[in-house]
Amino acid sequence: MKKLLLALGTAMTLTSAMAWPTKTVTLVVPFPPGGSTDLIARTLQPKLAEKFGGTFVVDNKPGATGTIGAAQVVRSAPDGHTLLVASLGPYVIAPHLTKVTYDATKDFDYITVAVQAPNVLVVPAASPHKTMADVIAWQKANPGKMTFASSGNGSSDHLTAELYWQQTGTSGVHVPYKGGGPVMTDLLGNQVDSSFMNINTAMPQIQAGKLRALSITSATRSPLLPNVPTLEELGIKDANVYSWQAVAAPKGIPADVKAKLQAAIKDALNDPAIKPKLLDLGFEIVANTPEQFTAFQAAEFARWKKLIESRNIKAD
(Lines give C-alpha, C1' and ligand atoms only; values in the text may rest on other atoms or scores of the structure.)
Protein backbone atom coordinates (compact mmCIF):
# COMPACT_ATOMS: atom_id res chain seq x y z
CA MET A 1 0.00 0.00 0.00
CA LYS A 2 2.82 2.43 0.87
CA LYS A 3 4.49 1.71 -2.47
CA LEU A 4 1.20 2.26 -4.29
CA LEU A 5 0.59 5.57 -2.54
CA LEU A 6 4.16 6.69 -3.28
CA ALA A 7 3.76 5.77 -6.92
CA LEU A 8 0.44 7.60 -7.14
CA GLY A 9 1.96 10.67 -5.47
CA THR A 10 4.91 10.65 -7.85
CA ALA A 11 2.62 10.28 -10.83
CA MET A 12 0.45 13.19 -9.66
CA THR A 13 3.52 15.38 -9.19
CA LEU A 14 4.83 14.55 -12.65
CA THR A 15 1.42 15.13 -14.23
CA SER A 16 1.13 18.48 -12.45
CA ALA A 17 4.60 19.50 -13.59
CA MET A 18 3.96 18.42 -17.18
CA ALA A 19 0.70 20.40 -17.25
CA TRP A 20 2.29 23.61 -15.97
CA PRO A 21 1.13 26.34 -16.11
CA THR A 22 -2.46 25.53 -15.16
CA LYS A 23 -3.29 29.04 -13.96
CA THR A 24 -1.88 32.58 -13.98
CA VAL A 25 1.83 32.82 -13.19
CA THR A 26 2.65 35.84 -11.04
CA LEU A 27 6.05 37.51 -11.24
CA VAL A 28 6.34 39.27 -7.88
CA VAL A 29 8.58 42.34 -8.01
CA PRO A 30 9.29 43.50 -4.44
CA PHE A 31 9.94 47.09 -5.52
CA PRO A 32 7.89 49.94 -7.03
CA PRO A 33 7.34 50.13 -10.80
CA GLY A 34 9.96 51.85 -12.92
CA GLY A 35 13.20 50.47 -11.49
CA SER A 36 15.71 48.04 -12.98
CA THR A 37 14.10 44.96 -11.44
CA ASP A 38 10.66 45.99 -12.69
CA LEU A 39 12.14 46.53 -16.16
CA ILE A 40 13.57 43.01 -16.24
CA ALA A 41 10.30 41.46 -15.02
CA ARG A 42 8.28 43.33 -17.65
CA THR A 43 10.78 42.34 -20.32
CA LEU A 44 10.41 38.66 -19.40
CA GLN A 45 6.62 38.63 -18.87
CA PRO A 46 5.45 38.70 -22.53
CA LYS A 47 8.19 36.34 -23.67
CA LEU A 48 7.28 33.75 -21.04
CA ALA A 49 3.58 34.07 -21.89
CA GLU A 50 4.42 33.55 -25.55
CA LYS A 51 6.64 30.57 -24.79
CA PHE A 52 4.29 28.69 -22.46
CA GLY A 53 0.94 29.88 -23.74
CA GLY A 54 -0.35 30.86 -20.32
CA THR A 55 -1.03 34.13 -18.55
CA PHE A 56 1.95 35.78 -16.84
CA VAL A 57 1.49 38.98 -14.82
CA VAL A 58 3.84 41.32 -12.95
CA ASP A 59 2.76 42.20 -9.40
CA ASN A 60 4.68 44.97 -7.61
CA LYS A 61 4.82 44.38 -3.84
CA PRO A 62 7.25 47.03 -2.53
CA GLY A 63 8.33 47.53 1.05
CA ALA A 64 11.08 46.81 3.57
CA THR A 65 13.88 46.79 0.96
CA GLY A 66 12.24 44.00 -0.99
CA THR A 67 11.67 41.61 1.89
CA ILE A 68 7.86 41.94 2.01
CA GLY A 69 7.48 40.67 -1.54
CA ALA A 70 10.12 38.00 -0.98
CA ALA A 71 8.32 36.73 2.10
CA GLN A 72 5.05 36.58 0.17
CA VAL A 73 6.66 34.35 -2.44
CA VAL A 74 8.11 32.04 0.20
CA ARG A 75 4.61 31.57 1.64
CA SER A 76 3.18 30.66 -1.78
CA ALA A 77 2.63 27.15 -3.09
CA PRO A 78 5.80 25.72 -4.70
CA ASP A 79 3.99 24.87 -7.92
CA GLY A 80 5.70 27.28 -10.31
CA HIS A 81 2.83 29.77 -10.38
CA THR A 82 4.45 32.36 -8.10
CA LEU A 83 7.95 33.61 -8.87
CA LEU A 84 10.17 36.27 -7.34
CA VAL A 85 12.01 38.69 -9.62
CA ALA A 86 14.31 40.67 -7.36
CA SER A 87 17.68 42.32 -7.06
CA LEU A 88 20.39 41.09 -4.71
CA GLY A 89 18.88 42.97 -1.74
CA PRO A 90 16.33 40.46 -0.44
CA TYR A 91 18.46 37.51 -1.54
CA VAL A 92 21.83 38.31 0.05
CA ILE A 93 21.89 41.71 1.83
CA ALA A 94 18.68 42.45 3.74
CA PRO A 95 18.83 39.25 5.84
CA HIS A 96 22.01 40.63 7.46
CA LEU A 97 20.53 44.05 8.17
CA THR A 98 17.02 43.41 9.38
CA LYS A 99 14.79 40.67 10.74
CA VAL A 100 13.18 38.80 7.86
CA THR A 101 10.55 36.08 7.97
CA TYR A 102 12.35 33.75 5.58
CA ASP A 103 15.70 32.00 5.29
CA ALA A 104 17.35 33.14 2.06
CA THR A 105 19.61 30.09 2.03
CA LYS A 106 16.84 27.51 2.49
CA ASP A 107 13.44 28.85 1.47
CA PHE A 108 13.98 29.49 -2.26
CA ASP A 109 14.61 27.40 -5.31
CA TYR A 110 17.02 29.57 -7.26
CA ILE A 111 16.25 29.54 -10.99
CA THR A 112 18.59 32.02 -12.68
CA VAL A 113 20.42 35.32 -12.38
CA ALA A 114 18.93 37.11 -15.36
CA VAL A 115 21.25 40.12 -15.69
CA GLN A 116 23.92 41.99 -13.80
CA ALA A 117 25.31 45.51 -13.98
CA PRO A 118 28.40 47.02 -12.36
CA ASN A 119 28.60 50.20 -10.36
CA VAL A 120 30.51 53.26 -11.52
CA LEU A 121 32.19 55.80 -9.29
CA VAL A 122 30.93 59.13 -10.58
CA VAL A 123 31.62 62.72 -9.58
CA PRO A 124 29.96 65.93 -10.81
CA ALA A 125 31.43 67.43 -13.95
CA ALA A 126 32.66 70.39 -11.87
CA SER A 127 34.59 68.13 -9.48
CA PRO A 128 38.33 68.76 -9.21
CA HIS A 129 38.90 64.98 -9.27
CA LYS A 130 39.81 63.85 -12.77
CA THR A 131 40.99 60.30 -12.08
CA MET A 132 40.62 57.56 -9.49
CA ALA A 133 44.20 58.21 -8.42
CA ASP A 134 43.17 61.79 -7.63
CA VAL A 135 40.36 60.54 -5.41
CA ILE A 136 42.48 58.04 -3.50
CA ALA A 137 45.30 60.52 -2.95
CA TRP A 138 42.90 63.23 -1.80
CA GLN A 139 41.12 60.88 0.57
CA LYS A 140 44.38 59.76 2.15
CA ALA A 141 45.37 63.37 2.66
CA ASN A 142 41.89 64.34 3.86
CA PRO A 143 40.45 61.31 5.67
CA GLY A 144 36.74 61.28 6.37
CA LYS A 145 35.90 64.36 4.32
CA MET A 146 34.80 63.21 0.86
CA THR A 147 31.07 62.49 0.72
CA PHE A 148 29.70 59.36 -0.97
CA ALA A 149 25.97 59.34 -1.64
CA SER A 150 23.94 56.14 -1.79
CA SER A 151 20.33 55.12 -2.30
CA GLY A 152 20.18 53.90 1.30
CA ASN A 153 21.97 52.01 4.04
CA GLY A 154 22.82 48.52 2.87
CA SER A 155 22.22 49.30 -0.80
CA SER A 156 24.62 48.02 -3.45
CA ASP A 157 26.10 51.50 -3.90
CA HIS A 158 26.62 51.89 -0.15
CA LEU A 159 28.27 48.48 0.21
CA THR A 160 30.51 49.23 -2.76
CA ALA A 161 31.75 52.39 -1.04
CA GLU A 162 32.37 50.49 2.20
CA LEU A 163 34.27 47.80 0.31
CA TYR A 164 36.32 50.44 -1.50
CA TRP A 165 37.22 52.19 1.76
CA GLN A 166 38.17 48.89 3.34
CA GLN A 167 40.36 47.80 0.45
CA THR A 168 42.13 51.17 0.04
CA GLY A 169 42.51 52.07 3.71
CA THR A 170 40.64 55.31 3.14
CA SER A 171 37.50 56.74 4.69
CA GLY A 172 34.67 58.96 3.58
CA VAL A 173 31.30 60.26 4.66
CA HIS A 174 28.37 58.05 3.71
CA VAL A 175 25.29 60.10 2.84
CA PRO A 176 22.28 57.78 2.53
CA TYR A 177 19.18 58.85 0.60
CA LYS A 178 15.83 57.17 0.13
CA GLY A 179 16.29 56.00 -3.43
CA GLY A 180 18.46 56.83 -6.41
CA GLY A 181 16.48 59.85 -7.61
CA PRO A 182 17.53 62.18 -4.78
CA VAL A 183 21.13 60.96 -5.13
CA MET A 184 21.20 62.03 -8.77
CA THR A 185 19.60 65.39 -7.97
CA ASP A 186 22.20 66.27 -5.35
CA LEU A 187 25.09 64.95 -7.42
CA LEU A 188 24.09 67.14 -10.34
CA GLY A 189 23.63 70.03 -7.92
CA ASN A 190 27.14 69.53 -6.46
CA GLN A 191 25.67 68.89 -3.01
CA VAL A 192 27.61 65.62 -2.63
CA ASP A 193 31.04 64.68 -3.92
CA SER A 194 30.53 61.23 -5.42
CA SER A 195 28.54 58.01 -5.66
CA PHE A 196 29.04 54.43 -6.78
CA MET A 197 25.99 54.46 -9.04
CA ASN A 198 24.62 51.59 -11.05
CA ILE A 199 25.87 51.99 -14.62
CA ASN A 200 22.42 52.03 -16.22
CA THR A 201 21.36 54.84 -13.88
CA ALA A 202 24.51 56.89 -14.41
CA MET A 203 25.03 56.48 -18.17
CA PRO A 204 22.60 59.17 -19.43
CA GLN A 205 24.27 61.84 -17.28
CA ILE A 206 27.76 60.58 -18.11
CA GLN A 207 26.91 60.78 -21.82
CA ALA A 208 25.46 64.26 -21.30
CA GLY A 209 28.73 65.40 -19.72
CA LYS A 210 27.10 66.17 -16.37
CA LEU A 211 28.83 63.36 -14.47
CA ARG A 212 32.40 62.09 -14.80
CA ALA A 213 33.04 58.35 -14.47
CA LEU A 214 36.31 57.53 -12.71
CA SER A 215 36.20 53.77 -12.20
CA ILE A 216 33.95 50.76 -12.60
CA THR A 217 33.41 47.68 -10.43
CA SER A 218 33.17 45.10 -13.23
CA ALA A 219 35.73 42.35 -13.85
CA THR A 220 36.68 43.94 -17.18
CA ARG A 221 36.08 47.35 -18.72
CA SER A 222 32.58 48.05 -19.94
CA PRO A 223 32.06 48.51 -23.70
CA LEU A 224 29.90 51.50 -22.75
CA LEU A 225 32.84 53.13 -20.92
CA PRO A 226 35.96 51.72 -22.58
CA ASN A 227 38.22 54.45 -21.19
CA VAL A 228 37.14 53.96 -17.58
CA PRO A 229 39.40 51.56 -15.63
CA THR A 230 38.16 48.89 -13.29
CA LEU A 231 38.94 49.09 -9.58
CA GLU A 232 40.90 45.85 -9.78
CA GLU A 233 42.86 47.22 -12.73
CA LEU A 234 43.93 50.03 -10.39
CA GLY A 235 45.20 47.52 -7.84
CA ILE A 236 42.13 47.45 -5.57
CA LYS A 237 41.57 43.75 -4.89
CA ASP A 238 38.29 41.85 -4.48
CA ALA A 239 36.39 44.86 -5.79
CA ASN A 240 34.16 43.25 -8.40
CA VAL A 241 30.64 44.32 -7.47
CA TYR A 242 27.50 43.84 -9.52
CA SER A 243 23.91 44.73 -8.93
CA TRP A 244 21.94 41.78 -10.25
CA GLN A 245 18.35 40.82 -10.95
CA ALA A 246 17.30 37.21 -10.54
CA VAL A 247 14.35 34.84 -10.58
CA ALA A 248 13.53 32.41 -7.77
CA ALA A 249 10.58 30.31 -6.58
CA PRO A 250 9.37 28.93 -3.27
CA LYS A 251 11.37 25.88 -2.22
CA GLY A 252 10.01 22.69 -3.76
CA ILE A 253 9.13 23.80 -7.30
CA PRO A 254 9.02 20.80 -9.68
CA ALA A 255 12.47 20.25 -11.20
CA ASP A 256 11.23 20.20 -14.78
CA VAL A 257 9.35 23.49 -14.31
CA LYS A 258 12.51 25.06 -12.92
CA ALA A 259 14.51 23.80 -15.92
CA LYS A 260 11.88 25.03 -18.40
CA LEU A 261 11.82 28.47 -16.79
CA GLN A 262 15.60 28.85 -16.81
CA ALA A 263 15.80 27.85 -20.48
CA ALA A 264 12.95 30.19 -21.44
CA ILE A 265 14.43 33.12 -19.53
CA LYS A 266 17.81 32.53 -21.19
CA ASP A 267 16.17 32.48 -24.63
CA ALA A 268 14.18 35.63 -23.87
CA LEU A 269 17.18 37.63 -22.72
CA ASN A 270 19.19 36.56 -25.78
CA ASP A 271 16.38 37.39 -28.20
CA PRO A 272 17.84 39.63 -30.95
CA ALA A 273 15.06 42.14 -30.29
CA ILE A 274 15.84 42.33 -26.55
CA LYS A 275 19.53 41.65 -25.92
CA PRO A 276 20.95 44.76 -27.68
CA LYS A 277 18.57 47.01 -25.74
CA LEU A 278 19.66 45.52 -22.42
CA LEU A 279 23.33 45.80 -23.35
CA ASP A 280 22.84 49.44 -24.34
CA LEU A 281 21.43 50.08 -20.86
CA GLY A 282 24.54 48.61 -19.25
CA PHE A 283 23.15 45.19 -18.33
CA GLU A 284 25.19 42.05 -18.90
CA ILE A 285 23.24 38.88 -19.71
CA VAL A 286 23.93 36.09 -17.20
CA ALA A 287 21.06 33.55 -17.45
CA ASN A 288 22.98 30.94 -15.46
CA THR A 289 21.70 27.53 -14.40
CA PRO A 290 19.85 26.85 -11.13
CA GLU A 291 22.94 25.08 -9.82
CA GLN A 292 25.19 28.01 -10.69
CA PHE A 293 22.76 30.51 -9.16
CA THR A 294 22.49 28.47 -5.97
CA ALA A 295 26.28 28.44 -5.56
CA PHE A 296 26.48 32.13 -6.45
CA GLN A 297 23.80 33.08 -3.91
CA ALA A 298 25.69 31.23 -1.17
CA ALA A 299 28.93 33.01 -2.05
CA GLU A 300 27.29 36.44 -2.23
CA PHE A 301 25.41 35.80 1.01
CA ALA A 302 28.67 35.04 2.82
CA ARG A 303 30.55 37.91 1.16
CA TRP A 304 28.12 40.64 2.16
CA LYS A 305 27.57 39.17 5.62
CA LYS A 306 31.30 39.46 6.27
CA LEU A 307 31.48 43.06 5.03
CA ILE A 308 28.34 44.18 6.88
CA GLU A 309 29.62 42.74 10.14
CA SER A 310 33.20 43.98 9.76
CA ARG A 311 32.06 47.50 8.86
CA ASN A 312 29.27 47.51 11.46
CA ILE A 313 26.68 48.53 8.87
CA LYS A 314 23.17 49.07 10.20
CA ALA A 315 19.79 49.34 8.51
CA ASP A 316 18.00 52.69 8.27
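Before any of the text, the structure's been laid out above.
None of these values were measured; they are calculated from a predicted model. (Residues numbered from 1 in each chain as written. Predicted model: local features only at pLDDT ≥ 70, side-chain atom pairs only at ≥ 80, totals over all residues. Heavy atoms only, no water.)

**Notes on the nonpolar core**
Piece 1. By size, the foremost hydrophobic cluster in this structure holds 79 residues, and its most contacted members are Tyr91, Val122, Ile206 and Trp304.
Piece 2. Once you skip the residues sitting within four places of it in the chain, Val122 turns out to touch Leu187, Asp193, Ser194, Ser195, Met197, Ala202, Ile206, Leu211, Arg212 and Ala213.
Piece 3. Among the nonpolar cores identified, the runner-up in size contains 15 residues, and Leu121, Val123, Met132 and Leu214 belong to it. (Core = buried A, V, L, I, M, F, W, Y, C linked by side-chain atoms within 4.5 Å. Buried < 20%, exposed > 50% of the residue type's maximum accessible area, 1.4 Å probe, protein only. Contact = heavy atoms within 4.5 Å.)

**Some thoughts on the packing of helix 5 (residues 132-141) against helix 6 (residues 156-168)**
Piece 1. As a packed pair, helix 5 and helix 6 sit with axes 12 Å apart at the nearest point and diverge in direction by 70°. Put simply, helix 5 runs roughly perpendicular to helix 6. Within the contact between the two elements, helix 5 uses Met132, Val135, Ile136, Gln139 and Lys140 and helix 6 uses Tyr164, Trp165 and Thr168.
Piece 2. For the contact of helix 5 with helix 6, the class distribution of residues is five nonpolar, two polar and one charged. (Axes fitted to C-alpha atoms, helices over the stretch in contact; angles between N-to-C directions. Helix = DSSP H or I, 4+ residues; strand = E, 2+ residues; numbered from the N terminus. Parallel < 35°, antiparallel > 145°, perpendicular 65-115°, else oblique. Nonpolar A, V, L, I, M, F, W, Y, C, P; charged D, E, K, R; others polar.)

**With respect to the pairing of strand 9 (residues 242-250)**
Piece 1. Burial analysis of strand 9 places nine of its nine residues in the buried class, the great majority of the element.
Piece 2. In this structure, strand 3 (residues 82-87) lies alongside strand 9, joined through four bridges in antiparallel fashion. Each bridged residue has a counterpart across the sheet, and for Val85 the counterpart in strand 9 is Val247.
Piece 3. Bridging between strand 4 (residues 108-124) and strand 9 involves nine bridges; their strand directions are antiparallel. Across the sheet, the residue bridging to Tyr110 is Ala248, located in strand 9. (Pairing = 2+ DSSP bridges.)

**A word on the layout of surface pockets**
Piece 1. Taken as a whole, the largest pocket spans an internal volume of roughly 1200 Å³.
Piece 2. Contributing to the lining of the largest pocket are 46 residues, with Phe31, Ser87, Ser151, Ser155 and Gly179 lying nearest its centre.
Piece 3. Where the lining of the largest pocket is concerned, the elements lending two or more residues are helix 2 (36-52), helix 4 (88-93), strand 4, helix 6, helix 7 (180-188), strand 7 (194-198), helix 8 (199-207) and strand 9.
Piece 4. In terms of residues, the lining of the largest pocket owes the most to one element, strand 7, which gives four residues.
Piece 5. Here the lining of the largest pocket is built from residues that sort into 17 nonpolar, 25 polar and four charged.
Piece 6. Considering only enclosed or pocket space, the second largest pocket measures out at about 160 Å³ in volume.
Piece 7. Lining the second largest pocket we find Thr105, Phe108, Asp109, Tyr110, Lys251, Lys258, Pro290, Glu291, Thr294, Gln297 and Ala298.
Piece 8. Only strand 4 and helix 11 (290-310) provide two or more residues apiece to the lining of the second largest pocket.
Piece 9. A total of five residues in the lining of the second largest pocket trace back to one element, the largest contributor, which is helix 11. (1 Å grid on protein atoms, 1.4 Å probe; cavity = no way out; pocket = protein on both sides within 12 Å on 5 of 7 lines; lining within 4 Å. Points joined across faces, edges and corners; volume = space filled by probe spheres on them.)

**Description of the packing of aromatic side chains**
Piece 1. Summed over all chains, the structure comprises 16 aromatic pairs.
Piece 2. Look at Tyr102 and Phe108: their rings are 5.6 Å apart centre to centre, the planes differ by 70°, and that puts the pair in the edge-to-face class. There is no split in this pair, since Tyr102 and Phe108 are both buried.
Piece 3. For the pair Phe108 and Tyr110, a centre-to-centre distance of 5.8 Å together with 45° between the ring planes defines the contact as tilted. (Phe/Tyr/Trp six-rings, centres within 6.5 Å; stacked < 30°, edge-to-face > 60°.)

**Comments concerning the pattern of salt bridges**
Piece 1. All chains considered together, the criterion is met by twelve salt bridges.
Piece 2. Across the pair Glu309 and Lys305 runs a salt bridge, and its minimum N-O distance is 2.9 Å. In this pair, Glu309 and Lys305 both sit in helix 11, four residues apart, roughly one turn of the helix. (Salt bridge = Lys/Arg side-chain N within 4 Å of Asp/Glu carboxyl O.)

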